[in-house]
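Residues per chain are reported as follows:
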Amino acid sequence: MEKNKLVYPFVAIVGQENMKLALILNIINPTLSGVLIRGEKGTAKSTAVRALADILPEIEVFENDPFQLNPEDEFDFYQECMLTIYGKKISSLKSVKRLNRKVRVVELPVGATEDRVVGTLDLEHALKKGEKQIEPGILAAAHRGILYVDEVNLLDDHVVDVLLDSAAMGVNTIEREGVSFSHPARFTLVGTMNPEEGELRPQLLDRFGLCVLIEGTREPEARVAIMERRAAFDEEPAAFCKEWETASKELTKKIEQAITLYPKVIIERQLLFEITSFCLDVGVDGHRGDIIMLKTAKTLAAWNDRQEVVSADIEFSAELVLPHRVRRQPLQEIGENVKNLRENK
Amino acid sequence: MIFKKTYPFSAIIGQEDLKLVLLLNAINPKIGGLLIRGEKGTAKSTAVRALAALLPEIRVVAGCPCFCNPDDQDRMCERCREKKSAHKVQHQKVRVVTLPLNATEDRVAGGIDFSLAIKEGKRSVLPGLLADANRSILYVDEVNLLDDHIVDIILDAAASGENRIEREGISFKHPASFVLIGTMNPEEGDLRPQLLDRFGLCVDVAGEPEIEKRVELIQRRESFDLDFKGFMNRFEEENHQIEKQIATAMESLAGIRCPKHLRAFISELCAKNLVAGHRADLVMEQAVRAYAALQGRFEITTDDIIKIAPFVLAHRTRDAQPPPPSPPPPPPDQSEEKLSDDMNEQDQPDETEKPDDQQKEQPENAANEEAQSSGEQPDEADQTDEPEQPGEKTSPEQIFEVGSTFAVKKIVSPRDRVSRRGSGRRSRTRVSLKQGRYIKSTPGNRNNDIALDATLRAAAPHQLKRKNENGLAVVLKKEDIREKVREKRIGNFLLFAVDASGSMGARGRMAASKGAIMSLLLDAYQKRDKVGMVSFRKNEAFVNLPPTSSVELASKLLAEMPVGGRTPLSAGLVSVHEQVRNYLLRDPSARPIVIIITDGKSNAAMGDQKPIEEAFDFAVKMAADQRVVYIVVDTEEPGLVTFGLAGHLAEALGARYLKIEELKADQLVNIIKEK
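Residues numbered from 1 in each chain as written. Chains lettered and ligands numbered in written order. Predicted model: local features only at pLDDT ≥ 70, side-chain atom pairs only at ≥ 80, totals over all residues.

Visitor: Quick one: what's the story with the overall build of chain B, residue by residue and with numbers?
Guide: Along the backbone of chain B there are 23 helices and 23 strands. Expressed as a percentage of its 675 residues, the buried residues of chain B come to 48%. (Helix = DSSP H or I, 4+ residues; strand = E, 2+ residues; numbered from the N terminus. Buried ≥ 20, exposed ≤ 12 C-beta atoms within 10 Å, placed from the backbone.)

Visitor: So what about helix H9 (residues 211-226) of chain B? Which residues, and what values?
Guide: Residue and element names in this part refer to chain B. For H9, built from 16 residues, the straight-helix expectation of 22 Å at 1.5 Å per residue is met to within 8% by its first-to-last C-alpha distance of 23 Å. The set of residues buried in H9 consists of Arg214, Val215, Leu217, Ile218 and Arg221. Angularly, the buried residues of H9 cover 160° about the axis, an arc narrow enough to put them on a single face. (Expected span 1.5 Å × (residues − 1). Arc of directions from axis to C-beta.)

Visitor: An account of the domain arrangement of chain B is needed here, citing residue identities and associated values.
Guide: Residue and element names in this part refer to chain B. Assigned domains of chain B: these are domain 1 (9-56 + 94-116 + 125-251), domain 2 (254-313), domain 3 (383-413 + 492-674) and domain 4 (419-489). With centres defined by C-alpha atoms, the gap from domain 1 to domain 2 works out at 23 Å. With 15 residues of domain 1 at the contact, the number on the domain 2 side is 11 residues. Of all the elements in the fold, those that place two or more residues in the side of domain 1 that touches domain 2 are helix H1 (16-27), strand E11 (201-205) and helix H10 (228-253). For the side of domain 1 that touches domain 2, the element with the most residues is H1, which contributes four residues. Tallied by class, residues from the side of domain 1 that touches domain 2 come to nine nonpolar, four polar and two charged. (Domains from an automatic or database assignment. Contact = placed C-beta atoms within 7 Å. Nonpolar A, V, L, I, M, F, W, Y, C, P; charged D, E, K, R; others polar.)

Visitor: Now, about the nonpolar core: what can you tell me, with residues and values included?
Guide: Counting residues in hydrophobic clusters, the biggest one holds 201 residues, and the most contacted among them are Leu210 of chain A together with Leu51, Leu201 and Ala287 of chain B. Per-element tally for this core: the top contributor is helix H12 (residues 279-294) of chain B, with 10 residues. Look past the residues within four positions of Ala287 of chain B in its chain and what remains in contact with it is Leu24, Ile31, Gly200, Leu201, Ile308, Phe311 and Val312 of chain B. (Core = buried A, V, L, I, M, F, W, Y, C linked by C-beta atoms within 7 Å.)

Visitor: Could you give an account of the interface of chain B and chain A, with specific residues and numbers?
Guide: Frequently, the measure chosen for interface size is the accessible area removed from exposure when the parts meet. In this complex, chain B contributes 58 residues to the contact, which on the side of chain A involves 53 residues. Broken down by secondary-structure element, the contributors of at least two residues to the side of chain B that touches chain A are helix H4 (105-109), helix H5 (114-120), H9, strand E19 (540-548), helix H19 (551-560) and helix H20 (569-586) of chain B. A total of 10 residues in the side of chain B that touches chain A trace back to one element, the largest contributor, which is H9 of chain B. Partitioning the side of chain B that touches chain A into residue classes produces 24 nonpolar, 16 polar and 18 charged.

Visitor: A description of the domain arrangement of chain A should follow, citing residues and the corresponding values.
Guide: All names here are of chain A. Domain annotation of chain A identifies domain 1 (10-57 + 103-214) and domain 2 (265-344). Using only C-alpha atoms to locate each centre, domain 1 and domain 2 end up separated by 24 Å. Facing 16 residues of domain 1, the contacting portion of domain 2 comprises 14 residues. Taken together, the elements giving at least two residues each to the side of domain 1 that touches domain 2 come down to helix H1 (17-28), helix H8 (202-207) and strand E11 (210-214).

Visitor: A description of the sheet that holds strand E21 (residues 593-598) of chain B should follow, citing residues and the corresponding values.
Guide: Backbone hydrogen bonds are what pair the strands of a sheet, in a parallel or an antiparallel way. Residues and elements named next belong to chain B. Sheet architecture is open: six strands sit in the order E19-E18-E17-E21-E22-E23, paired in mixed fashion. Each edge of the sheet is formed by a strand with only one pairing partner; in this case those strands are E19 and strand E23 (656-659). When the angles between neighbouring strand axes are averaged without regard to direction, this sheet yields 15°. Pairing geometry for strand E22 (residues 629-634) and E23, over four bridges, is parallel. (Pairing = 2+ DSSP bridges. Axes fitted to C-alpha atoms, helices over the stretch in contact; angles between N-to-C directions.)

Visitor: Break down the sheet that holds E11 of chain A for me, citing the residues and quoting the values.
Guide: Residues and elements named next belong to chain A. Taken in spatial order, the five strands of this open sheet run E4-E7-E10-E1-E11, and their pairing is parallel. Each having just a single partner strand, strand E4 (105-108) and E11 make up the two edges of the open sheet. Averaged over all pairs of adjacent strands, the angle between their axes in this sheet comes to 20°, without regard to strand direction. Packed onto the sheet, H1 meets strand E1 (35-39), strand E10 (188-193) and E11 and runs at close to 160° relative to E11.

Visitor: I'd like to hear about the pairing of E22 of chain B, residue by residue, with values.
Guide: Residue and element names in this part refer to chain B. Counted residue by residue, E22 has six buried out of six residues, so it is predominantly covered. Burial of the side chains of E22 extends over both faces: Val629, Ile631 and Val633 are buried on one face and Tyr630, Val632 and Asp634 on the other. Where E21 and E22 come together, six bridges link them in parallel fashion. Bridge assignment links Ile593 to a residue of E22, and that residue is Val629. Assessed by its sense of winding, the connection that carries the chain from E21 through helix H21 (residues 611-622) to E22 is right-handed. (Right-handed = clockwise from strand over helix to strand, strands pointing away.)

Visitor: Break down the confidence of the model for chain B for me, citing the residues and quoting the values.
Guide: All names here are of chain B. Mean pLDDT over chain B stands at 76; residues scoring 70 or higher make up 77%. Within the model, pLDDT remains below 50 along residues 320-395, and this stretch shows 99 contacts once partners closer than five positions in the same chain are excluded. With pTM at 0.72, the complex prediction returns an ipTM value of 0.82. (pLDDT = per-residue confidence, 0-100.)

Visitor: Which residues make up the environment of Ile612 of chain B, and what values go with them?
Guide: Residue and element names in this part refer to chain B. Its location among the elements puts Ile612 in helix H21. In sequence terms Ile612 and Ala516 are 96 residues apart; their C-alpha atoms lie 26 Å from each other. Sequence-distant contacts of Ile612, defined by excluding residues within four places in its chain, comprise Ser602 and Leu645.

Visitor: Requested: an account of the packing of H12 of chain B against helix H13 (residues 302-313) of chain B, with residues and values cited.
Guide: Residues and elements named next belong to chain B. Running from amino to carboxyl end, H12 crosses H13 at an angle of 130°, the nearest separation of the two axes being 9 Å. By the angle between their axes, H12 is oblique relative to H13. Relative to H13, the crossing made by H12 is right-handed. Note on element contacts: H13 touches H12 through Asp304, Ile305, Lys307, Ile308, Ala309, Phe311, Val312 and Leu313, opposite Ala280, Val283, Met284, Ala287, Val288, Tyr291 and Ala292. Residue composition of the contact of H12 with H13, by class: 13 nonpolar, no polar and two charged. (Parallel < 35°, antiparallel > 145°, perpendicular 65-115°, else oblique. Left-handed = near helix turned anticlockwise from the far one by under 90°.)

Visitor: Let's hear about unusual backbone geometry: which residues, and what values?
Guide: Residue and element names in this part refer to chain B. One non-glycine residue, Arg135, adopts positive backbone phi at about 65°. Topologically, Arg135 is positioned in the loop between helix H6 (129-132) and strand E7 (137-140). Judged by the 22 C-beta atoms lying within 10 Å of it, Arg135 is buried.

Visitor: Any chance you could break down the environment of Leu649 of chain B for me, citing the residues and the numbers?
Guide: Residues and elements named next belong to chain B. For Leu649, the location among the structural elements is in helix H22 (residues 645-653). Through-space distance from the C-alpha of Leu649 to that of Glu613 is 10.0 Å; in sequence the pair is 36 residues apart. Setting aside residues up to four positions removed in sequence, Leu649 forms contacts with Gly600, Ala615, Phe616, Ala619 and Val632.

Visitor: For the packing of H1 of chain B against H10 of chain B, give the residues involved together with the corresponding values.
Guide: Between two packed helices, what matters for the description is the angle formed by their axes and the separation of those axes. Residues and elements named next belong to chain B. Across the interface, H1 lies against H10 with an axial gap of 9 Å and an inter-helix angle of 55°. Relative to H10, H1 is oriented oblique. Between H1 and H10 lies a crossing whose hand is right-handed. Residues Leu23, Ala26 and Ile27 of H1 touch H10, and the partners they reach there are Ile246, Ala249, Met250 and Leu253. Across the contact of H1 with H10, the residue classes tally to seven nonpolar, no polar and no charged.

So, in structure tokens, the structure goes:
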């Protein structure tokens, strides 16, 4: 994202509370592995994701590192990457400059080729110097960040496979045209889609930790507020952003607090049973649902400044975690109300 | 090792079968690999990656890219064999080499070394993943999504135990015996029978049903994510024990023999399950030996065999009857039986002819396959014309059975010069991907897919004149660049538009139509096409199935499709158009094939026009898009009074027109060829 371009502030988005919350939870806990936002056109899906850039926390990176590695525990990769790509030998951790910057939102265009996604040989360099140099792809840029795919259901099958591969392993492996190279690629996958244009493959669906269904709000007041704010932003973006600056900062602070709190959150054993029986009752494939549900419940507790998970957290997390995981009849719509589903079964 | 944070093997809860067969493969590589099938999120990949930490050490020639065995002169790569002096030996762990789905041919098999060629002008081989995986484990996640021509390379190497590189002006071979481990989710499509047979064992995994264990599982996962080091320490001891167990079992393996009477038992088991060829017998013996070794025994028992047999037979057992769709109760007729056998074995023509050659079987080429399927004559295809449903004509809705199916000849879209992207096995096309076979080179650089050999040839005549500034052996300029033209088969999109109005129910026509559609679906399944289905009846059109790769879904829906009500042909056409348009938006270079099955008697309009006129109007508009191939199948009953409306529809669409009597495979499949 360009530095000077102003984005619509996240906090100024009217309504769509579930979507906003799902995004925030993913920032707090990146191991939630992403959000899928399903909804009709013009419901602030993309606006919300782009606006995230503003409220994201900071991380530490090496200076000019195309792979966004973590100086704390990925130094050995850094050494390896620098050696294989640039032929630079780096002997000690101290010799590398580090800096803090915000977590990035990296956008994957629908038309992206496999090359652009995984990375490829820098052809010009190869021909001029006779050396193989790797041009890192989008997956490298997205490490430790957010990978945003607009219209994820329209993505090329090949690219989807690659995404699945890296999302599953946390590693991107390039084995193409004489280049053999791997680098870490753990990212939060955020996808938006309009279900009218086709469904996602179940495998990819499962990779998204959370799923929210959104629709335009029906309340006249909220609709008016949306129009007013949007108009104000379009007229004077700078002033508008300024107006919301304090709220943005507060949100960032709250997120940071939740991040520190998360490891301390505890959950009673009884509630663990609640989670698994919920998953078994509605019928999900595999265990990813259980795992993500636990994480979501804990993250929710941290977000609400609690050190203990309560059963309301679990109920709420079921709404975010299970809709797209429930085994369905072919072509059955993704259900909105998981709770009903459980009671009906 | 890039997978720094690997979940420890001993911490995996449940999945005892999966863990067992993984260990067996680690103990005895002769088992020949493992296929893990299961729903998503069941620790498939986690287990394989965790296994890497437990693998034993082997002696390798130091510095050899193929990790040759210094003690086995016969199975060394050329480089090691040519070396006169004694080999330096080093110890190294058996590794798990990952083959990513997007790997290119040259990285899998090996290719010319780019840097050496340009810098020093040397022609040298850069070995690929198959060399890397020699004497180790080759791991393919989502193996059913792997590109066909890569699969061929792997099959070739797995069958012969060596990899030959004959491409881009180099010729090289090296040993490549590896344990192939693949995971797959059956929802995403199936594997080719040949590849399936290469996997020694197969295990199906599912989620843990017990609540207690599920709770334990999520707790462990969470503590793994939160406190990696502490978690690893917790399970280190157990992991070590398994490691030791493997090492001990490997030592004792050589001393374990399978007694003769148990061999007889094994072959009896295999024969009973109608497995093809003899690989199952051999694999079972190896696996049982490994199992006994793992248990610390030197004797094999019948129980061992019973325990192991399911893993060997899971993917090899053939039903006496072909898998779905099951044909309707056939008359006791021999030709029908033969037909179903053919259906079952379409992809393995060798088997019926010489089943004993199974182990020597090379992956046969596509041409062979074609010859086989085109040789089949669809006899008895329309026999379901007879069963009439008496007295049901008055009921508004009925569901007809699927008529008998037949083998289809090839349907392909015409070859053109457009480069496409995609996967599948139907129409051969040029692809703008770095996948597929390298067929020739062309000047220019559009895909960054440089053909090094051709580029060097193009640059060669100019070398004397060019100034050498960088000290490279070859000076390349932009105009020398040649790009690879690749070709591969990709799937088409077949959209079925089925008229499900009451008039279609007459005299079992629907059953026959369903049979024909089913035959095409079966073919589509093997060719990895996308399929979609639209049906129209009463007052509207239903999108029964949006474009999907899941042909099972399509066949299920087809079987359940009810018939009754009026014929809203125009609504059906609009729906077809929407589906095709959406599909073309997604993939503008696609060439969808639309098969409309109707009698054309439209009697429900969407607007104010007469139903038939409206439908024809739409048809003319739809025909404007040249990218779509239409086929109209007329289901009108032959008789004295016919309307021939479907014929007019075909005309309006610019479609190929067929009567249902001509729907036999021969006629239908040749349509596109003729065009």
